[in-house]
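Each chain, written out:
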Protein chains: 2
Amino acid sequence: MKRTAKDIEDALGPQAVSYDQDEIERHGHSDWSTSNSKGRPVAIVYPRNTEEVSTIAKICDRYKCPIVPFGAGSSVEGSFSSPYGGICVDFVHMDKIVAFHPDDMDVVVQPGVNWVDLNKSIEESGLFLPLDPSPTAMIGGMVSTNCSGTNAFRYGTMKDWVLNLTVVLADGRVIKTRKRPRKNSAGYNLTSLFVGAEGTLGLVTEITLKLAVVPEDTSVAVVSFPTIGEAAKAATKLIRSGIQLGALEFMDEVQMQVINRHGSEAVRKTAWDECPTLFLKFAGTTEGIKADVAKVKRIVDPFKPGKIFFARNKQEEADLWAARKEALWTMTSIKPDGYAMWSTDVAVPISRLAEIIAQSKEDSGDLGLFASVIGHVGDGNFHQAVMYDPKNTQHKEGVSRCVHNMMNRALEMEGTISGEHAIGIGKKDCLEDELGVDTIGLMKNIKQSFDPAWIMNPGKVFDLPPKSTAKAVDVE
Amino acid sequence: MKRTAKDIEDALGPQAVSYDQDEIERHGHSDWSTSNSKGRPVAIVYPRNTEEVSTIAKICDRYKCPIVPFGAGSSVEGSFSSPYGGICVDFVHMDKIVAFHPDDMDVVVQPGVNWVDLNKSIEESGLFLPLDPSPTAMIGGMVSTNCSGTNAFRYGTMKDWVLNLTVVLADGRVIKTRKRPRKNSAGYNLTSLFVGAEGTLGLVTEITLKLAVVPEDTSVAVVSFPTIGEAAKAATKLIRSGIQLGALEFMDEVQMQVINRHGSEAVRKTAWDECPTLFLKFAGTTEGIKADVAKVKRIVDPFKPGKIFFARNKQEEADLWAARKEALWTMTSIKPDGYAMWSTDVAVPISRLAEIIAQSKEDSGDLGLFASVIGHVGDGNFHQAVMYDPKNTQHKEGVSRCVHNMMNRALEMEGTISGEHAIGIGKKDCLEDELGVDTIGLMKNIKQSFDPAWIMNPGKVFDLPPKSTAKAVDVE
């Protein structure tokens, strides 16, 4: 592996390779992740373009050395950890907008572009990439995990916004999955295959993204309910009403307590009900939103709502939504020193969401640990975050049991163990329960045919085949 | 191959297999298709469920006999033709709605369900499958071609509405690609891989479809323009305005002449301008549509519009849209006896649409044949239909040259040779020009690993590998 790094240094120059221990540590472990490995890359390499990535892949192929792609480092499932060591490829310098085609409503970017920066830089065109994951996320990681966020209810997930990908394959060849039309039925959909593959099939070096038109106007409403059941029933009515909401989010009573007490100043201005609460985003024309707001009032009324806030101006809109947007940050800010946060997500058919949230809350309540729930109700997707002391074996086992129960429950309800965070190293065991041996077998056939030596991000999504001689370093 | 058919007869009973020559002819050739093969299946088999399809595949695998799936038979690219003979699997009896989950907004269907029938049968729920291909199309074929139609501008294509697929593989094993949540990032996206694979990777026997909420209200407007250029400029402004149109369609002056003279009675009630014309569908709340209509008037005004029709009631809405909906049928009704119609589609980045339409019209004009253009402007996708005498070599060569020019032009503009009709046997040659050898190579790797004997719908999408001993019967 060290020889691989040396060859890369010779090919790209010494500035492109780092052996710095702090750098290696930062790329090998994340406090935000629920899953980490004890393995570390031998070096971090910093390519500047597709050709350099291709050179790196060719050298790694020569020595059959693992290649692990790294974006913003915000994965919570260990997608960028290095259980088999190898070379970590950091895309931080590949942060250019390659071409912006406003008339075609698309943009070509490198993987290191941050999505918030992208939307800022094209703001004047009236176009945007309508996804909404963590503000730190980079397009490359968003592609690799098929990410989404609060806007998925209206705009779908990453796979719906990628028109084509330039990919460096395991042997260093460079391919483009498709050309640039918005609609395509020519040949197999390789684009959607690489989206969500977590870098196990190739390294994505250029992405053409479809863009949406920024709505003329937006607004926000927040409604609390006496129980999760009432909130869920109201949510179903809202979804089926034909009002095209921009987002429909849920926060439980614990999360509402947290923002009341520890939110930012803007958020604490509002005296929130500490009850199960729905956050609604409106998007459309100004006239249309007025009509939608009136309708929402009528729809939620039978479900015994508590306080109802409708934003009366842009400031109120920002302040109300900030409560949702800051939720994770607020939770993290009150985490006791030395504690970790286990945050995971599952998705179920939407009619089962209230039930699985209630059961999961009961389960985590039994642990006596601090736990809260945030849900993308419109998609049947939710996150539970539990704070625990990772040095306390009882805590650790309890949380692990809780998360596994939650995944098993999701599967019983015909749901998935991962709605938007992907599999990484943390959820491999359960993936087979979800999909079965034959379906996983097909996926492995694809992996094997794209990357016969299994050097692309090894140990993610699935374990290496039994015949492999590579040795993983234990999971932390 | 006959032994294969006999074994299937023994396994499923004589009623499941037909050797009738008329049946075989109907399954082997289509007047609607621009591409046909001289090959014919040896028998047509009619399975009733996934298990029977699995039995058929196992028997075909035993003898390495080709399997060709057949849905509504409306492919225009020869997707269901049998250049290598073999067994044709007709899904006509697999026409059941397996499960409807209104609370989850999804439905599980067999491949032989017609999409219009599906939407009628779930009408009361206020939900629908928001695609709009040929009214004859069945869900199975829609999956296999990644179809779309006029609603794609708002709702996307088939791949965006399939949650999971049950697939019978080449060796008869049955897999399910995913479970039933609306959002998923667990493992590779096999669902999107089978969508658009034209039955070359497996036989789809069950489909779970996401459903959309029927909009509260809809309406229609039709606006004519002096030139294609003005129509295209107006279309771009409309797309970027933030009005969420349900559809944005284009018909050229030839097509408008045809509907004026040969349209149905309802369509001929309107005195259409015989000019390039945009058809707009509105969808939303009643109040929202009123505001949208007012906006459209302001937006199109600078582009020298001719007649503008806004539907004032539901009857007018139906009559106006009928002109678009009946376009293909009206064209076919005036086709001289013995003439054929070459109808094909390409898609380009939307800013290039006016240019490619104008060039393609000039090209077909030079032939002296009757040709018209219909376009899904909002997607940069259009269809050109040319009438010709297939016995006239000059006609045939001219049309073929025209279509190839159109595809090459689309590729030069970073477009695709197929926006929604797929590849079949008709466009294989050009697919390599679009994607390049390495990208096609990856697709063939997948094909090879899923179907090592290349018996699933052989000769579609790509040619068989050189080492194959199978012999194709010539293209007609």
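Residues numbered from 1 in each chain as written. Chains lettered and ligands numbered in written order. Predicted model: local features only at pLDDT ≥ 70, side-chain atom pairs only at ≥ 80, totals over all residues. Heavy atoms only, no water.

Some details on the pairing of strand 18 (residues 381-388) of chain B
Residues and elements named next belong to chain B. Within strand 18, 8 of the 8 residues are buried, which leaves it mostly tucked inside the rest of the structure. Burial of strand 18 is two-sided: the residues N381, H383, A385 and M387 facing one way and the residues F382, Q384, V386 and Y388 facing the other way are all buried. With 8 bridges joining them, strand 16 (residues 340-347) and strand 18 adopt antiparallel strand pairing. Within strand 18, the residue paired with S343 across the bridge is A385. As paired elements, strand 17 (residues 371-376) and strand 18 share 6 bridges and run antiparallel to each other. (Buried < 20%, exposed > 50% of the residue type's maximum accessible area, 1.4 Å probe, protein only. Helix = DSSP H or I, 4+ residues; strand = E, 2+ residues; numbered from the N terminus. Pairing = 2+ DSSP bridges.)

Examining the nonpolar core
Formed by 199 residues in total, the largest nonpolar core has its most connected members in I139(A), L278(A), I139(B) and L278(B). Ranked by residues supplied to this core, first place goes to helix 8 (residues 228-240) of chain B with 7 residues. If we skip the residues at most four places from it in the chain, I139(A) touches V109(A), Q110(A), P111(A), V113(A), W115(A), L118(A), L129(A), M158(A), I207(A) and L209(A). In this structure, V17(A), A43(A), L203(A) and I455(A) belong to the second largest nonpolar core, which totals 24 residues. (Core = buried A, V, L, I, M, F, W, Y, C linked by side-chain atoms within 4.5 Å. Contact = heavy atoms within 4.5 Å.)

Quick look at the environment of P41(B)
All names here are of chain B. Within the secondary structure layout, P41 lies in the loop between helix 2 (21-28) and strand 2 (43-45). Measuring from C-alpha to C-alpha, the distance between P41 and D7 comes to 16 Å, with 34 residues separating the pair along the chain. In contact with P41, not counting residues within four places along its chain, are I24, G28, S82, G85, G86 and C88.

Overview of the pattern of salt bridges
Counted under the stated rule, the structure contains 62 salt bridges over all chains. Notably, a salt bridge pairs K96(B) with D95(B), separated by 2.7 Å at the nearest N-O pair. Classification of K96(B) by relative accessible area gives partly exposed; the value is 46%. For D95(B), a relative accessible area of 38% translates into the label partly exposed. Residue E317(B) pairs with K314(B) through a salt bridge whose shortest N-O separation is 2.7 Å. With a gap of 3 residues between them, E317(B) and K314(B) both fall in helix 12 (residues 314-325), about one helical turn apart. Overall, the relative accessible area of 12% leaves E317(B) in the buried class. One network of salt bridges, in which partners are shared, links D104(A), D106(A), R180(A) and E414(B). (Salt bridge = Lys/Arg side-chain N within 4 Å of Asp/Glu carboxyl O.)

A look at the sheet that holds strand 2 (residues 43-45) of chain A
Residue and element names in this part refer to chain A. Within the open sheet, the 4 strands sit side by side as 1-2-4-3. Their pairing is mixed. The open sheet terminates on both sides in strands that have one partner only, identified here as strand 1 (17-18) and strand 3 (67-70). Against the sheet, helix 2 (residues 21-28) engages strand 1, strand 2, strand 3 and strand 4 (87-90), with an angle of about 80 degrees to strand 2. (Axes fitted to C-alpha atoms, helices over the stretch in contact; angles between N-to-C directions.)

Comments concerning the packing of aromatic side chains
Enumeration over the complete set of coordinates arrives at 20 aromatic pairs over all chains. Here the aromatic rings of W342(A) and Y388(A) are separated by 5.9 Å at their centres, their planes lie at 45 degrees, and the arrangement is tilted. Taken together, the residues W342(A) in strand 16 (residues 340-347) and Y388(A) in strand 18 (residues 381-388) connect sequence positions 46 residues apart. Judged by relative accessible area, W342(A) falls into the buried class, the value being 14%. Look at Y388(A) and you get buried, because its relative accessible area is 7%. Each member of the aromatic cluster is reached from another via a ring pair, and the members are W272(A), F279(A), F309(A) and W321(A). Above the face of the W161(B) ring, K210(B) is positioned so that its terminal group lies 5.4 Å from the ring centre. Positioned above the aromatic ring of F310(B), the side-chain terminus of K297(B) is 4.9 Å from the ring centre. (Phe/Tyr/Trp six-rings, centres within 6.5 Å; stacked < 30°, edge-to-face > 60°. Lys NZ or Arg CZ within 6 Å of the ring centre and 35° of its normal.)

Some remarks on the state of the cysteines
Residue and element names in this part refer to chain B. The final tally for this structure, using the stated rule, is 0 disulfides over all chains. Take C60: it sits in no disulfide, and the sulfur closest to it among the cysteines is that of C65, at 4.5 Å. Between C147, a cysteine without a disulfide, and C88, which holds the nearest cysteine sulfur, the sulfur-to-sulfur distance is 20 Å. (Disulfide = S-S within 2.5 Å.)

What about the domain arrangement of chain A?
Residues and elements named next belong to chain A. According to the domain assignment, chain A contains domain 1 (1-92), domain 2 (97-213), domain 3 (215-323) and domain 4 (335-427). Using only C-alpha atoms to locate each centre, domain 1 and domain 4 end up separated by 30 Å. When domain 1 packs against domain 4, close to 760 Å² is buried across both sides, 59% of that on carbon and sulfur atoms. When the area that domain 1 buries against domain 4 is broken down by residue, the three leading residues are T34, V76 and E77, summing to 64%. Taken together, the links from domain 1 to domain 4 amount to 1 salt bridge. Taking the shortest distance from any N to any O, the salt bridge between K427 and E77 comes out at 3.8 Å. Linking domain 1 with domain 4 are 1 residue pair in polar contact (both at pLDDT 80 or more). For the side of domain 1 that touches domain 4, the residue count by class is 2 nonpolar, 7 polar and 1 charged. (Domains from an automatic or database assignment. Buried area = accessible area lost by both parts, 1.4 Å probe. Polar contact = N/O pair within 3.5 Å; in protein donor to acceptor, adjacent residues only side chain to side chain. Nonpolar A, V, L, I, M, F, W, Y, C, P; charged D, E, K, R; others polar.)

Details of the packing of helix 1 (residues 2-12) of chain B against helix 3 (residues 50-63) of chain B
Residue and element names in this part refer to chain B. Following both chains from N to C, one finds helix 1 and helix 3 inclined at 150 degrees, their axes separated by 9 Å at the closest point. One finds that helix 1 runs roughly antiparallel with respect to helix 3. Note that helix 1 runs across helix 3; the crossing there is right-handed. Along its contact with helix 1, which presents R3, T4, D7, I8, A11 and L12, the element helix 3 presents E52, T55, I56, I59, C60, R62 and Y63. Here the contact of helix 1 with helix 3 is composed, by residue class, of 7 nonpolar, 2 polar and 4 charged. (Parallel < 35°, antiparallel > 145°, perpendicular 65-115°, else oblique. Left-handed = near helix turned anticlockwise from the far one by under 90°.)

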